[in-house]
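Chain residues, written in single-letter form:
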Amino acid sequence: MSSFSIPTPSGSSAIPIVAPTTEKETPKSPPPSKNLAANAKTRTCRNLIIHGYCKYEGKGCEFNHDLGKSTSPPNSPETTKSKLSVNSPVFKPSVLISSIPPEVVNAPPFIPKSTQVNPPEEIPVTPTSTPGSPQKNSGEQEYDNEITIYEQSMGFYPPVPPSTPFLLSPGGAGSHGLNALANSFASLGLNANANQFASNENSIPDVLSHHHMNNTSYFTTSHHLDPFLYQSQQALLPQPLRYHLYTSPLPHVSNLHPHQKTIHSFFMSDHLREELQQKNEATLKIVNAKDFNLPEELHVYHSLYPLDQRQEKSIKIFGYPSWVYKSVCLVDGRVYCLRRIEGFRLTNEIAMSTIENWRRIRHANIVSVREAFTTKAFGDHSLVFVYDYHPLSQTLFDKHFSPSLQPTNLPQGGGTGAITETVLWSYITQLASAIKTIHSSGLAARTIEPTKILLTNKNRSIRINCCGIMDMLTFDGGKNIPHFQQEDLLNFGQLIISLACNSLSSVHNLPKSIDYISRHYSLDLKNVILYLLSKPTPMKSIDDVIAMIGPRLLHEINSVHHYNDFLESGLSQELENGRLVRLPCKFGFINERPEFDMDPSWSETGDRYLIKLFRDYVFHQVDENGYPVVDMAHVLMCLNKLDAGVDERIMLVSRDEQSCLIVSYKEIKNCIDSAFRDLSRRK
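Calculation rules
- Residues numbered from 1 in each chain as written.
- Predicted model: local features only at pLDDT ≥ 70, side-chain atom pairs only at ≥ 80, totals over all residues.
- Heavy atoms only, no water.
- Helix = DSSP H or I, 4+ residues; strand = E, 2+ residues; numbered from the N terminus.
- Buried < 20%, exposed > 50% of the residue type's maximum accessible area, 1.4 Å probe, protein only.
- Contact = heavy atoms within 4.5 Å.
- Areas by Shrake-Rupley, 256 points an atom, 1.4 Å probe, with all protein chains shown as cover.
- Expected span 1.5 Å × (residues − 1).
- Polar contact = N/O pair within 3.5 Å; in protein donor to acceptor, adjacent residues only side chain to side chain.
- Pairing = 2+ DSSP bridges.
- Axes fitted to C-alpha atoms, helices over the stretch in contact; angles between N-to-C directions.
- Nonpolar A, V, L, I, M, F, W, Y, C, P; charged D, E, K, R; others polar.
- Arc of directions from axis to C-beta.
- Phe/Tyr/Trp six-rings, centres within 6.5 Å; stacked < 30°, edge-to-face > 60°.
- Lys NZ or Arg CZ within 6 Å of the ring centre and 35° of its normal.
- UniProt positions renumbered as here; feature names shortened; annotations may be inferred.
- Core = buried A, V, L, I, M, F, W, Y, C linked by side-chain atoms within 4.5 Å.
- Salt bridge = Lys/Arg side-chain N within 4 Å of Asp/Glu carboxyl O.
- pLDDT = per-residue confidence, 0-100.
- Patch = residues over 30% accessible without salt bridge, like charges linked within 9 Å, V, L, I, M, F, W, Y side chains within 5 Å.

Here the focus is the overall build of the protein chain. When you go through the protein chain residue by residue, the secondary structure sums to 22 helices and eleven strands. With 683 residues in all, the protein chain has 32% of them scored as buried. Partitioning the contacts of the protein chain with sequence separation of at least 6, the portion at a separation of at least 24 is 62%. Entry remark: accessible area of the protein chain is about 44200 Å², with carbon and sulfur atoms responsible for 56%.

Right, dumping it as structure tokens:
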């Protein structure tokens, strides 16, 4: 049996195997040989314990090789000592320890100020060292602790500690005692940031609530964090994508010659890349369904993720509390948005047919409706509507009317949150186009309200959301559609006033609001608002509104075309990069292939050897000091010339520098195509 050994340094911590000594024996006086022979037959062979077998069994080894037998004789002193008997004498210590003062014995029991009963703190026990055991210094102990923490972590995120008595869930009992506890830690010197943490104890529940709602997918084993083990709460949050790596070109390299380009010119815009990556990250977020009392599957949808995290649900719009979730469809694997109407019992099955009219509408400013169904998966009667999912969208209410964005009580003053007229005309144009499509289909939106209009991207693109819900909740067979269409126009005018005055209460004081608009905006905007708020004589139409905003449509069309050119330019740059990735893939198929067509040296002979040298020329160059040359511009230049097949010649040198070849990019391209065709053919 082959084995290996590591030489132990001086002062090794290896434990020598020696015969056990009894109380009456001394290590210096060896026992008689007859006692050794008698004890050897009853003692288990150490080779059997360590290795599982003994290669000297039956060849002279005198120790016991049967694990079933007792290692001590029945009447040995060891067996007698290990057994308990009823007649055993009562243990009496020879020396009575009475060093505890009487005031400590009679002290009253400790009663904590907090009502929360906390489990006792675990005290790490340091094992006592035996005479042959190795001793570790403090440096070795710290090193071992670091290894343990690293092994327990997953990815780049720190491990989640178990629930501790120092930090409770939001609103839980015992949070008022954090101040005193932190001060006690500070007095002991156990935590340098204890006072800072104690001063911010009121902010802990909010931080944990936000962390629990947004990042549960990263920490699913526990929801309680120990602030004294992790002094920085920011370090526990999941690390975002590294958007900062995509930096803009520096000023001193921006003014280049026409034939010079920076590496940024080969890729899409940094801001567009960041926006798309943020949307992808939001699309892939998941949570543990049990933590939010969500069903694992809902109809043909799974992986529900709550989008609206506000606990207070308003019933102003629909008359029922509503919830919004992101989910994945089992049928096509795409991500959809689910709007749940809580506590609604569908009494008329014909009302479900109203959703079919909305499914036929496809408009750039309307969130498309997919289907609707009823469910009891949430423990009640719920009605669920399925819409297209637009990641990182926000409502007009959150964008312009959030309490944190209201510096003044408009319309008395413009304030810093006033909307420019260009943005306002963009909103009016898009909403008028969407309402025109809805009314032309014989329907009514009935959701022209700040909380139901989404801003889907940074180019002021808005979409009307929650279409079709009111038609099903208040089903009347379509008798009042003309009335609801007039309400759409009235709500449209009220929305414009609220946006222009930057205040939702401006609709309650129309004279003052109109005066504010006439002083800060153009006359055309004022005329549109007055028409929408006027009484129908006999009926107002969205066509009249479109005729009034006709001159403003040209500016919106111009902005849309400019943004389309910007996106198309970024797409063309990424399209070229996608074309180049096929060449490294072909290199991977050809270079270092172990065997092909019964030839083990196929990748090292003929044209394939030339491809290998070119791969080294592109990716494996070194400088005069022997350091690798990591030059992205060189790689892109070579791959572009290779893909085009230019006649420019280069010199390829073997790794041993004993031979060199002068070839053109066109010849190398022909070699790659020929070798790849050989791999692709089927005999």
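Turning to helix α21 (residues 632-644), a few remarks are in order. Between the first and last C-alpha of α21 there are 18 Å, a value that for 13 residues agrees with the 18 Å anticipated at 1.5 Å per step. Of the positions making up α21, those classed as buried are H634, V635, L636, C638, L639 and L642. Capping the start of α21, D631 holds a side-chain oxygen 3.2 Å from the backbone nitrogen of A633, two or three residues further along. Positioned one or two residues after α21, G645 has a phi angle of 70°, which is positive.

Before going further, it helps to spend a moment on the sheet that holds strand β6 (residues 382-388). Reading across the sheet, the six strands line up as β1-β2-β3-β4-β6-β5 and stay open at both edges, with antiparallel pairing between neighbours. Only two strands of the sheet have a single neighbouring strand rather than two, namely β1 (297-298) and β5 (369-375).

Our next topic: the sheet that holds strand β7 (residues 394-395). The strand order β7-β8-β9 describes an open sheet built from three strands, whose pairing is antiparallel. A strand with exactly one partner marks an edge of an open sheet, and here the two such strands are β7 and β9 (462-464). Against the sheet, helix α12 (residues 421-440) engages β8 (453-455) and β9, with an angle of about 30° to β9.

Our focus in this paragraph is the packing of helix α20 (residues 607-619) against α21. Where α20 meets α21, the axes come as close as 9 Å, and the angle between the chain directions of the two elements is 145°. For the pair α20 and α21, contact is made by F614, Y617, V618 and F619 and by H634, V635, C638 and L642, respectively. Partitioning the contact of α20 with α21 into residue classes produces seven nonpolar, one polar and no charged.

With respect to the helices and strands, H634 occurs in helix α21. Judged by relative accessible area, which is 15%, H634 ranks as buried. A distance of 3.2 Å separates a polar side-chain atom of H634 from the backbone oxygen of Y617. Apart from the residues within four sequence positions on either side, H634 is in contact with Y617, V618 and Q621.

This paragraph deals with helix α19 (residues 582-590). All buried positions along α19 are accounted for by L583, F587 and I590. Seen along its axis, α19 keeps its buried residues to an arc of 75°; they face one direction. Looking one or two residues beyond α19, the residue adopting positive phi is E592, at roughly 55°.

Glancing now at the packing of aromatic side chains. Counted under the stated rule, the structure contains eleven aromatic pairs. Grouped by ring-pair contacts, the aromatic residues F587, F614, Y617 and Y665 constitute a single cluster. Sitting over the ring of F484, R446 keeps its end group 3.6 Å from the ring centre. In this arrangement the basic side chain of K586 is found over the ring face of F676, its NZ or CZ atom lying 5.3 Å from the centre.

This part covers the UniProt feature "binding site: ATP" (unreviewed entry) in the protein chain. The positions that UniProt labels "binding site: ATP" (unreviewed entry) are, in the present scheme, R339, D388, Y389, H390, P391, L392, S393, Q394, T395, T451 and K452. Here P391 lies in the loop between β6 and β7. Residue class for P391 comes out buried when judged on its relative accessible area of 15%. Excluding anything up to four places from it in sequence, P391 contacts K279, A282, T283 and T456. When near neighbours in sequence (up to four residues on either side) are disregarded, L392 contacts Q278, K279 and A282.

Attention shifts here to the nonpolar core. Ranked by internal contacts, the top residues of the largest apolar core, which has 62 residues, are F385 and F492. Considering each element in turn, this core owes the most residues, ten residues, to α12. Excluding its chain neighbours within four sequence positions, the residues that come into contact with F492 are I428, L431, A432, I435, I448, L532 and V545. Core analysis: the second largest hydrophobic core is formed by 25 residues, L583, F596, F614 and A675 among them.

On to the pattern of salt bridges. Under the defined criterion, the tally for this structure stands at 16 salt bridges. In this structure, R655 engages D616 in a salt bridge whose closest nitrogen and oxygen atoms are separated by 2.9 Å. Here D616 lies in helix α20 and R655 lies in the loop between β10 (649-653) and β11 (660-664), a separation of 39 residues in the sequence. The exposed category is assigned to R655, whose relative accessible area is 57%. Taking relative accessible area as the criterion, D616 reaches 9% and is therefore assigned buried. Its salt-bridge partner being D678, residue R681 comes within 3.0 Å of it at the nearest N-O pair. Looking at R681, the relative accessible area reads 37%, which means it is partly exposed. On the basis of relative accessibility, which here comes to 24%, the residue D678 falls in the partly exposed class. Via salt bridges that share partners, E592, R615, D616 and R655 belong to a single interconnected network.

The next point concerns the confidence of the model for the protein chain. Parts of the model with low pLDDT should not have their predicted coordinates read in detail. Here the protein chain shows a mean pLDDT of 74. Residues at 70 or above account for 63%. Every residue in residues 1-15 is under pLDDT 50, and counting partners more than four places away or in other chains gives six contacts. Low confidence marks residues 22-32, where pLDDT is under 50. Its contacts with residues over four positions away, or in another chain, come to three contacts.

A cluster of nonpolar residues, M651, V653 and I662, forms a patch on the protein surface that exposes about 280 Å² of accessible area. Inspection of the secondary structure puts V653 in strand β10.

Turning our attention to the environment of I350. Take I350: it is sitting in the loop between β4 (335-342) and α10 (354-359). Given a relative accessible area of 54%, I350 falls into the exposed group. Linking I350 and G477, residues 127 residues apart in sequence, is a C-alpha distance of 8.7 Å.

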